Amino acid sequence: MRMSTKIKMILAARDMTIGDLAEKLGTTPQNITAKINRDNLSENDLHQIAEACNATYEGFFTLNDSNKQI
């Protein structure tokens, strides 16, 4: 699932609009929309979005043979 889809889902779960998110992040709705549409979000962006939505972002890889998380 694309990150943009996940962000839209969390916004819906929190009953938030892109405008609400932009306000919490101190940016414009156009900037957030462009980043989401391009799927051009940094790890820092994702942590900030999670915080703004009262959520936790955990971006990591798990090695299947050892369950080591990177």
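What you are looking at is a predicted structure, and each value in this text was computed from that prediction instead of being measured.

A. Structural context of the overall build of the protein chain. Within the protein chain, the secondary structure is distributed over four helices and zero strands. Sequence-ordered secondary structure for the protein chain, helices as α and strands as β, is α-α-α-α. Taking the principal axes of its C-alpha atoms as reference, the protein chain extends roughly 40 × 25 × 20 Å. Expressed as a percentage of its 70 residues, the buried residues of the protein chain come to 21%. Long-range contacts, defined as pairs at least 24 residues apart, comprise 45% of the intrachain contacts of the protein chain with a sequence gap of at least 6. For the protein chain, the accessible surface area stands at approximately 5,100 Å², while carbon and sulfur atoms represent 48% of it. With 8 positive and 9 negative side-chain charges, the protein chain shows a separation of 5 Å between the mean positions of the two kinds.

B. Local environment of the layout of surface pockets. When its volume is computed, the largest pocket comes out at roughly 180 Å³. Lining of the largest pocket is provided by Met3, Lys6, Ile7, Ile10, Leu46, Ile49, Ala50, Ala55, Thr56 and Tyr57. Contributions of two or more residues to the lining of the largest pocket are made by helix 1 (3-13) and helix 4 (43-52). Ranked by residues supplied to the lining of the largest pocket, first place goes to helix 1 with four residues. Considering only residue class, the lining of the largest pocket consists of eight nonpolar, one polar and one charged.

C. Molecular detail of the pattern of salt bridges. Under the definition given, this model contains two salt bridges. Between aspartate 39 and arginine 2 there is a salt bridge, with its nearest N and O atoms 3.2 Å apart. On the criterion of sequence distance, the pair formed by aspartate 39 in the loop between helix 3 (29-38) and helix 4 and arginine 2 in the segment before helix 1 is long-range, its members being 37 residues apart. Residue class for aspartate 39 comes out partly exposed when judged on its relative accessible area of 30%. Taking relative accessible area as the criterion, arginine 2 reaches 45% and is therefore assigned partly exposed. In this structure, the salt-bridge partner of lysine 35 is aspartate 45, at a minimum N-O distance of 3.0 Å. Residue lysine 35 is located in helix 3, and its partner aspartate 45 is located in helix 4; the two are separated by 10 residues in the primary sequence. Given the relative accessible area of 13%, aspartate 45 is considered buried.

Cut-offs and rules
Residues numbered from 1 in each chain as written. Predicted model: local features only at pLDDT ≥ 70, side-chain atom pairs only at ≥ 80, totals over all residues. Heavy atoms only, no water. Helix = DSSP H or I, 4+ residues; strand = E, 2+ residues; numbered from the N terminus. Buried < 20%, exposed > 50% of the residue type's maximum accessible area, 1.4 Å probe, protein only. Contact = heavy atoms within 4.5 Å. Areas by Shrake-Rupley, 256 points an atom, 1.4 Å probe, with all protein chains shown as cover. Lys, Arg positive; Asp, Glu negative; His and termini not counted. Charge placed at Lys NZ, Arg CZ, Asp CG, Glu CD. 1 Å grid on protein atoms, 1.4 Å probe; cavity = no way out; pocket = protein on both sides within 12 Å on 5 of 7 lines; lining within 4 Å. Points joined across faces, edges and corners; volume = space filled by probe spheres on them. Nonpolar A, V, L, I, M, F, W, Y, C, P; charged D, E, K, R; others polar. Salt bridge = Lys/Arg side-chain N within 4 Å of Asp/Glu carboxyl O.

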